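Working through the structure, step by step
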Amino acid sequence: TGKLAHVTKPFASPIDWGQLSRSWNVFYYVFDPNRGGGYGYGAFQSLAWNGNGYDVVPGNSGSYAAVNNIIESGQAFFVSTLGADTLLALNESVKSASNNVLPFVPVTAPGAKLHTNLYVVDAAGNAVLADGVLHHFDAGFSNDLDGMDAAKMFNAGENISINKQGRLLAVERKQMPAKDDTLFFALSGTAPGKYR
């Protein structure tokens, strides 16, 4: 609870996160060397269960589309929850013959989503994705900090986080916004330059 656990896969095959856990309370984090970040070093992608698969946050960047259910052979990952302690069993049933080169099927999820992305604008005026967060709204979600919210895994460069009750998050699930509702963000690792 509240900690990031490093997981090294014991199998040479890909595994399906949907077979490992289909919990709104369990979040995965993978380092994506192809998501350049502000310094070109790569950056973390956060994965959150949406009822049918795992949303990638910020997603649609680097090695990942908007949804990804497969962790590749030889790839390690982190797992975390802000809810109750959870046991994840890496056994034969989580193995998959799939891989990320297969086409993705659009998924539907309850409520509405707001992706907030931070871009670094380079000298040529190109916007490069540095980081991003996700707000997921639905009447069935709680406005309190709970196991359905995901802690932030920080990158070496720029980071944008959701600031909720003193915790920095990558994903916040809450009820639909009401009048005068406010979303709080935190920014870190920035340097002089242009951002969007």
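Bear in mind that the values here come from a model prediction, so they are computed numbers and not experimental data. (Residues numbered from 1 in each chain as written. Predicted model: local features only at pLDDT ≥ 70, side-chain atom pairs only at ≥ 80, totals over all residues. Heavy atoms only, no water.)

Ordered by their spatial adjacency, five strands build an open sheet running S1-S7-S3-S4-S5, and the pairing between neighbours is antiparallel. Looking along the sheet, the strands with just one partner apiece sit at the ends: strand S1 (4-7) and strand S5 (54-57). Within the sheet, the average angular offset between the axes of one strand and its neighbour, ignoring direction, is 30°. In the sheet, strand S4 (residues 43-49) pairs with S5 via four bridges, with the strands oriented antiparallel. (Pairing = 2+ DSSP bridges. Helix = DSSP H or I, 4+ residues; strand = E, 2+ residues; numbered from the N terminus. Axes fitted to C-alpha atoms, helices over the stretch in contact; angles between N-to-C directions.)

Take the environment of Ile160 next. Tracing the backbone through its elements, the reader meets Ile160 in strand S11 (residues 159-164). For the pair Ile160 and Pro177, spaced 17 residues apart in sequence, the C-alpha separation works out to 20 Å. For Ile160, the contacting residues outside a window of four places in its chain are Thr116, Leu118, Asp131, Gly132, Val133, Lys152, Phe185, Ala186 and Leu187. (Contact = heavy atoms within 4.5 Å.)

A separate point is the pairing of strand S7 (residues 77-80). Pairing geometry for S1 and S7, over four bridges, is antiparallel. From the neighbouring strand, Leu4 faces S7, where its bridge partner is Ser80. When strand S3 (residues 27-32) meets S7, the two strands line up antiparallel, connected through three bridges. Its bridge partner being in S7, Tyr28 is matched across the sheet by Val79.

What follows concerns the confidence of the model for the protein chain. For the protein chain, per-residue confidence averages 86 on the pLDDT scale, and residues scoring 70 or more make up 92% of the total. Of all the helices and strands in the protein chain, strand S6 (residues 70-71) carries the lowest mean pLDDT, 85, while S11 carries the highest, 97. (pLDDT = per-residue confidence, 0-100.)

As a further point, take the nonpolar core. A general trend in soluble globular proteins is that nonpolar side chains are found buried together. In terms of nonpolar packing, the biggest core is built from 19 residues, with Phe27, Tyr29, Ala150 and Val171 touching the most fellow members. Contributions of two or more residues to this core are made by S3, S4, strand S8 (112-121), strand S9 (127-137), strand S10 (150-151), S11 and strand S12 (167-174). In this structure, Val7, Val26, Leu47 and Tyr54 belong to the second largest nonpolar core, which totals 17 residues. (Core = buried A, V, L, I, M, F, W, Y, C linked by side-chain atoms within 4.5 Å. Buried < 20%, exposed > 50% of the residue type's maximum accessible area, 1.4 Å probe, protein only.)

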